[in-house]
Amino acid sequence: MNTLNTVIGCMSDYDPEALSVEQARHIIRECVAPVGGVQYVAVRTALDRVLASDLISPIDVPANDNSAMDGYAFNGSVLSGTAPRLEIVGAALAGRPYTGTVAAGQCVRIMTGALMPSGCDTVIPQELVQKDDAHVGFAPDAVRAGQHRRRAGEDLAAGKAALRAGKLLRPADLGLIASLGIVEVPVFRRVRVAFFSTGDELRSAGQALAPGCVYDSNRYTLFGMLHRMGADVLDLGVVRDDPVALEAAFRHACENADVVITSGGVSVGDADFTKPMMARLGEVAFWKVAIRPGRPLAFGRLTSAGHDALLFGLPGNPVAVMATFYVFVRDALLATMGAAAQPMPPMRARSASAITKRPGRTEFLRGIVSTGADGAVEVSITGAQGSGMLHSMSEANCFVVLPHAKGDVAAGDDVDILLFEGLI
Ligand code: AMP
Ligand code: MG
């Protein structure tokens, strides 16, 4: 793992006062490493966890050749020009194999998943045959020799890696693990993330709201996003804009978590008084990133009482917190979790309206993607886009991402979108 100063030192164009989104992401990526620590957990518990080592299949899946269709199994050598007419000599059901041998000119009634009887390599689907009492007939070109048969090991071969280390385990993976007969898997321990909100104006739900105060919402959006990513969350509440209280909170967070996320207190005025305190705690850079919303951002590594932790100091505005989480924190967290996940590629959608955009910063607008009247994927912006308007996030189902160099968007232009669903 690289230190912040080493990474920054290698960049010829580093300017903390004007960092592009890509530069900030690059620095973050270079400074994060998996936290490690392996546990064996039951298959269901492994959901949303990261596989710690390759999972080698102990068996062939499927274990034997079996039928892919309901129909009749026979030997494909009879498919030679004339319409076959085969004698039905028995039945094979899933879990109840036909134990005899099937001769040329014979067939076995077979159901999907049933073991291919000895002597058979082909299945004719039942809807393609004419059946009378004890025989079936079908056109010679209705099926090819070997068709409608699943081969042993075609899904997974014994001894091969069924899943690779670093795989974030999703429902399909749980099924796949179960299909191998495996009951426990090695996963990395959860990443512990401590977070708190900063600001004298913040009140917690349940408290009275004095004039000029706002209820703290960031701890709730952060909780939701972190929980969805499978983090082990530690909510440290609201901390006043006071250097002593802040230093105590940072130390406590750093000593008890792998990653510390704060919101508020990184904008120009606030940063001035948090910077000296941060300098005592570790290596932290204060950036102005060319992004909207979310320009101010602090990033680095804290050390306290022999423990260290990655720090993300997010801006205070509620929408900025969510946008910067998606853009900067999510991938870093995946890396600390040991996940080999690639960043989500954007999709394209037609903009329903014109959007004013100044080149020189990446913008994340809140959008609602839907199917347009002509069936094309279309995105509309959710009205007012103030960075404090959490309502715009709640209403939206995607970000519309307008890249750094882009200018105005005309109605009907295609734009990049990032769907919220699946993003975390
Ligand atoms: P700051 O980055 O601390 O200057 O905060 C920017 C704006 O976000 C201010 O209007 C704050 O009141 C607001 N804000 C900061 N933290 C929170 C929070 N946890 N919940 C809701 N609003 C917040
Ligand atoms: Mg503040």
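Residues numbered from 1 in each chain as written. Chains lettered and ligands numbered in written order. Predicted model: local features only at pLDDT ≥ 70, side-chain atom pairs only at ≥ 80, totals over all residues. Heavy atoms only, no water.

Student: Mind laying out the state of the cysteines, listing which residues take part and the relevant values?
Tutor: Inspection of every chain in the model, using the stated rule, returns zero disulfides. Considering cysteine sulfurs only, Cys-31 is the nearest to Cys-10, which forms no disulfide, with 10 Å between them. (Disulfide = S-S within 2.5 Å.)

Student: Any chance you could break down empty space enclosed by the protein for me, citing the residues and the numbers?
Tutor: Applying the stated rule across the entire model yields two cavities of 30 Å³ or more. Reported here for the largest cavity is a volume of approximately 80 Å³. Contributing to the lining of the largest cavity are Thr-198, Asp-241, Leu-246, Phe-250, Thr-262, Gly-264, Gly-265, Val-266, Thr-274, Met-278, Phe-286 and Gly-313. Mapped onto the lining of the largest cavity, the elements with two or more residues apiece are helix H5 (243-256) and helix H6 (268-281). Residues that form the lining of the largest cavity fall into these classes: five nonpolar, six polar and one charged. Every residue lining the second largest cavity is listed: Asp-48, Arg-49, Val-50, Phe-188, Arg-189, Arg-190, Val-191, Gly-230 and Met-337. Along the lines of polarity and charge, the residues of the lining of the second largest cavity split into four nonpolar, one polar and four charged. Shared between two domains, the lining of the second largest cavity holds at least three residues of each, these being domain 1 (4-34 + 190-336) and domain 2 (38-61 + 162-188). (1 Å grid on protein atoms, 1.4 Å probe; cavity = no way out; pocket = protein on both sides within 12 Å on 5 of 7 lines; lining within 4 Å. Points joined across faces, edges and corners; volume = space filled by probe spheres on them. Helix = DSSP H or I, 4+ residues; strand = E, 2+ residues; numbered from the N terminus. Nonpolar A, V, L, I, M, F, W, Y, C, P; charged D, E, K, R; others polar. Domains from an automatic or database assignment.)

Student: Outline the packing of aromatic side chains, supporting the account with residue identities and numerical values.
Tutor: In total, this model carries eight aromatic pairs according to the counting rule given. Between the aromatic rings of Phe-399 and Phe-420, the centroid separation amounts to 5.0 Å while the plane-to-plane angle is 80°, which identifies the pairing as edge-to-face. Residue Phe-399 is located in strand S25 (residues 398-402), and its partner Phe-420 is located in the segment after strand S26 (414-419); the two are separated by 21 residues in the primary sequence. Here a set of aromatic residues connected by ring pairs shows up, and it is made of Tyr-326, Phe-364, Phe-399 and Phe-420. (Phe/Tyr/Trp six-rings, centres within 6.5 Å; stacked < 30°, edge-to-face > 60°.)

Student: Could you give an account of the domain arrangement of the protein, with specific residues and numbers?
Tutor: Domain boundaries assigned for the protein yield domain 1 (4-34 + 190-336), domain 2 (38-61 + 162-188), domain 3 (66-150) and domain 4 (347-419). Between domain 1 and domain 2, the C-alpha centre-to-centre distance is 32 Å.

Student: Which residues make up the site of ligand 1, and what are the values?
Tutor: In the vicinity of ligand 1 there are 16 residues, among which Glu-201, Asp-216, Ser-217, Gly-265 and Gly-316 approach most closely. Glu-201 has a polar side-chain atom sitting 2.6 Å from an oxygen atom of ligand 1. For ligand 1, an oxygen atom lies 3.0 Å from a polar atom in the backbone of Gly-316. For ligand 1, the protein covers 76% of the area, taking 480 Å² as the surface of the free molecule. For the shell around ligand 1, a count of residues per class yields four nonpolar, nine polar and three charged. (Near = heavy atom within 4 Å. Polar contact = N/O pair within 3.5 Å; in protein donor to acceptor, adjacent residues only side chain to side chain. Areas by Shrake-Rupley, 256 points an atom, 1.4 Å probe, with all protein chains shown as cover.)

Student: So what's going on with the side chain of Thr-122? Which residues, and what values?
Tutor: Of note, Thr-122 is situated in strand S7 (residues 122-125). Of the polar contacts made by the side chain of Thr-122, one reaches the side chain of Asp-121; its length is 2.6 Å. Residues contacting Thr-122, with those up to four places away along its chain left out, are Tyr-72, Ala-73, Phe-74, Gly-76, Met-116, Val-143, Arg-144, Ala-145, Gly-146 and Gln-147. (Contact = heavy atoms within 4.5 Å.)

Student: Explain the pairing of strand S4 (residues 71-74) to me, and be specific about the residues and the numbers.
Tutor: The side chains of a regular strand alternate, residue by residue, between the two faces of the sheet. Pairing between S4 and strand S6 (residues 106-110): three bridges, direction antiparallel. Its bridge partner lying in S6, Tyr-72 is registered against Arg-109. Note that S4 and S7 share four bridges and pair antiparallel. By the bridge assignment for S7, Tyr-72 is matched with Ile-124. (Pairing = 2+ DSSP bridges.)

Student: Please provide a residue-by-residue account of helix H3 (residues 171-179), values included.
Tutor: An α-helix turns once per 3.6 residues; consequently, residues spaced three or four apart project the same way. Those residues of H3 not exposed but buried are Asp-173, Leu-174 and Ile-177. Taken around the axis of H3, the buried residues stretch over an arc of 105°, which confines them to a single face. With respect to the buried face of H3, the exposed residues turned more than 90 degrees away are Pro-171 and Ala-172. Buried positions along H3 lie against strand S2 (55-56), strand S11 (161-163) and strand S12 (184-188). (Buried < 20%, exposed > 50% of the residue type's maximum accessible area, 1.4 Å probe, protein only. Arc of directions from axis to C-beta.)

Student: Break down the sheet that holds S6 for me, citing the residues and quoting the values.
Tutor: Spatially, S7-S4-S6-S5-S9-S8 is the arrangement adopted by the six strands of the open sheet, whose pairing is mixed. Across the chains shown, the open sheet's two edge strands, defined by having one partner strand only, are S7 and strand S8 (130-132). In this sheet, adjacent strand axes meet at a mean angle of 35° when their direction is disregarded. Relative to strand S9 (residues 135-137), strand S5 (residues 85-92) runs antiparallel, the two sharing three bridges. (Axes fitted to C-alpha atoms, helices over the stretch in contact; angles between N-to-C directions.)

Student: Which residues make up the packing of helix H2 (residues 21-31) against helix H7 (residues 318-336), and what values do they have?
Tutor: Running from amino to carboxyl end, H2 crosses H7 at an angle of 25°, the nearest separation of the two axes being 10 Å. Of the possible angle classes, the one that applies to H2 and H7 is roughly parallel. As H2 packs across H7, the resulting crossing turns out to be right-handed. For the pair H2 and H7, contact is made by Val-21, Ala-24, Arg-25 and Ile-28 and by Val-327, Phe-328, Asp-331 and Ala-332, respectively. (Parallel < 35°, antiparallel > 145°, perpendicular 65-115°, else oblique. Left-handed = near helix turned anticlockwise from the far one by under 90°.)

Student: Can you break down the nonpolar core residue by residue, with the values?
Tutor: When a protein is soluble and globular, its nonpolar side chains tend to lie buried together. If you look at the biggest cluster of nonpolar residues, it comprises 54 residues, and the most contacted ones within it are Ile-27, Ile-261, Trp-287 and Phe-312. Per element, the largest residue contribution to this core is twelve residues, and it comes from H7. In this view, Trp-287 contacts Tyr-14, Pro-16, Leu-19, Ala-24, Ile-27, Ile-28, Arg-295, Pro-296, Leu-297 and Phe-299; residues no more than four positions away in its chain are not counted. Of all hydrophobic cores here, the second largest spans 23 residues; its members include Cys-254, Ala-257, Ala-271 and Ala-298. (Core = buried A, V, L, I, M, F, W, Y, C linked by side-chain atoms within 4.5 Å.)

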